Amino acid sequence: SQQGEEDPQALSIQEGENATMNCSYKTSINNLQWYRQNSGRGLVHLILIRSNEREKHSGRLRVTLDTSKKSSSLLITASRAADTASYFCAPPASGGYNKLIFGAGTRLAVHP
Amino acid sequence: DAGVIQSPRHEVTEMGQEVTLRCKPISGHNSLFWYRQTMMRGLELLIYFNNNVPIDDSGMPEDRFSAKMPNASFSTLKIQPSEPRDSAVYFCASSPGGGGSNQPQHFGDGTRLSIL
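What counts and how
- Residues numbered from 1 in each chain as written.
- Chains lettered and ligands numbered in written order.
- Predicted model: local features only at pLDDT ≥ 70, side-chain atom pairs only at ≥ 80, totals over all residues.
- Heavy atoms only, no water.
- Contact = heavy atoms within 4.5 Å.
- Buried area = accessible area lost by both parts, 1.4 Å probe.
- Polar contact = N/O pair within 3.5 Å; in protein donor to acceptor, adjacent residues only side chain to side chain.
- Helix = DSSP H or I, 4+ residues; strand = E, 2+ residues; numbered from the N terminus.
- Nonpolar A, V, L, I, M, F, W, Y, C, P; charged D, E, K, R; others polar.
- Salt bridge = Lys/Arg side-chain N within 4 Å of Asp/Glu carboxyl O.
- Buried < 20%, exposed > 50% of the residue type's maximum accessible area, 1.4 Å probe, protein only.

Residues and numbers for the interface of chain A and chain B, please.
Frequently, the measure chosen for interface size is the accessible area removed from exposure when the parts meet. Residue-level contacts link 20 residues of chain A with 21 residues of chain B. Summing both partners gives a buried area of about 1,700 Å² for chain A against chain B, and 48% of it is carried by carbon and sulfur. Across the contact surface, chain A and chain B share seven residue pairs in polar contact (both at pLDDT 80 or more). Among the secondary structure elements, those contributing two or more residues to the side of chain A that touches chain B are strand 4 (31–37) and strand 5 (43–50) of chain A. Along the lines of polarity and charge, the residues of the side of chain A that touches chain B split into eight nonpolar, nine polar and three charged.

Okay, here's the thing in structure tokens:
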């Protein structure tokens, strides 16, 4: 399946440190999305990167995409306790519509 | 801007009962998705509607599950009869556009369902 697989499964860091999460997928894609989920809440879209983009920034977030390696990474710089959440990459499934396949996510804990 | 609204937020019921989950998508969005999230299976897509028409229901686990979208502003997911293994958090999401995978999905805060 096209499910994104995040790595690591869990990450624990101190405030101010950077957090890097990785995602691998299996088939060719034309874009990839990243989402965040706070405890007890729905997923929130963070960023979409297209296949012709190698890097994209949004505030403290930096996403990279390497289509040759079928991998993506999400970097959160200068992390804050409020960044504590689960992070999911979502490559699209084949089928021609907006069907996203979510992996198990990376659980990030940022300690004050 | 109102986001995706789901109700109820929590539901506890006994097995065998009918459960109805409700979703109001963001106005103007014409794609709607129902997901189920559990610790064991993660986030699973159950069904996808486009312009109120079910397009892909391959994720619906069995005939006990049904979903409808009578108009652009309302959808329901029904489980009848419910079983303990249906306990999960059910999310509704909507997105603009009718096709292509380049649209962000906007999620509601989910319904936490417990079947005793």
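Account for unusual backbone geometry, naming residues and giving values.
Cis geometry is found at the peptide bond from A:Asp7 to A:Pro8, where omega equals 0°. For A:Pro8, the position within the fold is in the loop between strand 1 (5–7) and strand 2 (10–14). For the bond running from B:Ser7 to B:Pro8, omega is -10°, close enough to zero to count as cis. Structurally, B:Pro8 can be placed in the loop between strand 1 (5–7) and strand 2 (10–13).

So what's going on with the pattern of salt bridges? Which residues, and what values?
In the structure shown here, the tally under the stated rule is twelve salt bridges over all chains. For the salt bridge of A:Arg60 with A:Asp83, the shortest nitrogen-to-oxygen distance reads 2.9 Å. One end of the pair, A:Arg60, is in the loop between strand 6 (55–58) and strand 7 (61–66); the other, A:Asp83, is in the loop between strand 8 (71–76) and strand 9 (85–90), with 23 residues separating them in the sequence. Close ionic contact of B:Glu62 with B:Arg85 constitutes a salt bridge, the shortest N to O distance being 3.3 Å. Of the two residues, B:Glu62 sits in the loop between strand 6 (53–56) and strand 7 (65–71) while B:Arg85 sits in the loop between strand 8 (74–79) and strand 9 (88–95), which places them 23 residues apart along the sequence. Of the residues examined, B:Glu62 reaches a relative accessible area of 27% and is grouped as partly exposed. One salt-bridge network, held together by shared partners, links B:Glu62, B:Arg64, B:Glu83, B:Arg85 and B:Asp86.

So, the side chain of A:Lys99: which residues are in play, and what are the values?
For A:Lys99, the position within the fold is in the loop between strand 9 and strand 10 (106–111). Polar side-chain contacts of A:Lys99 include one of 3.2 Å to the side chain of B:Asp56. When residues no more than four places from it in sequence are discounted, the contact partners of A:Lys99 are A:Pro91, A:Pro92, A:Ala93, B:Leu45, B:Asp56 and B:Ser58.

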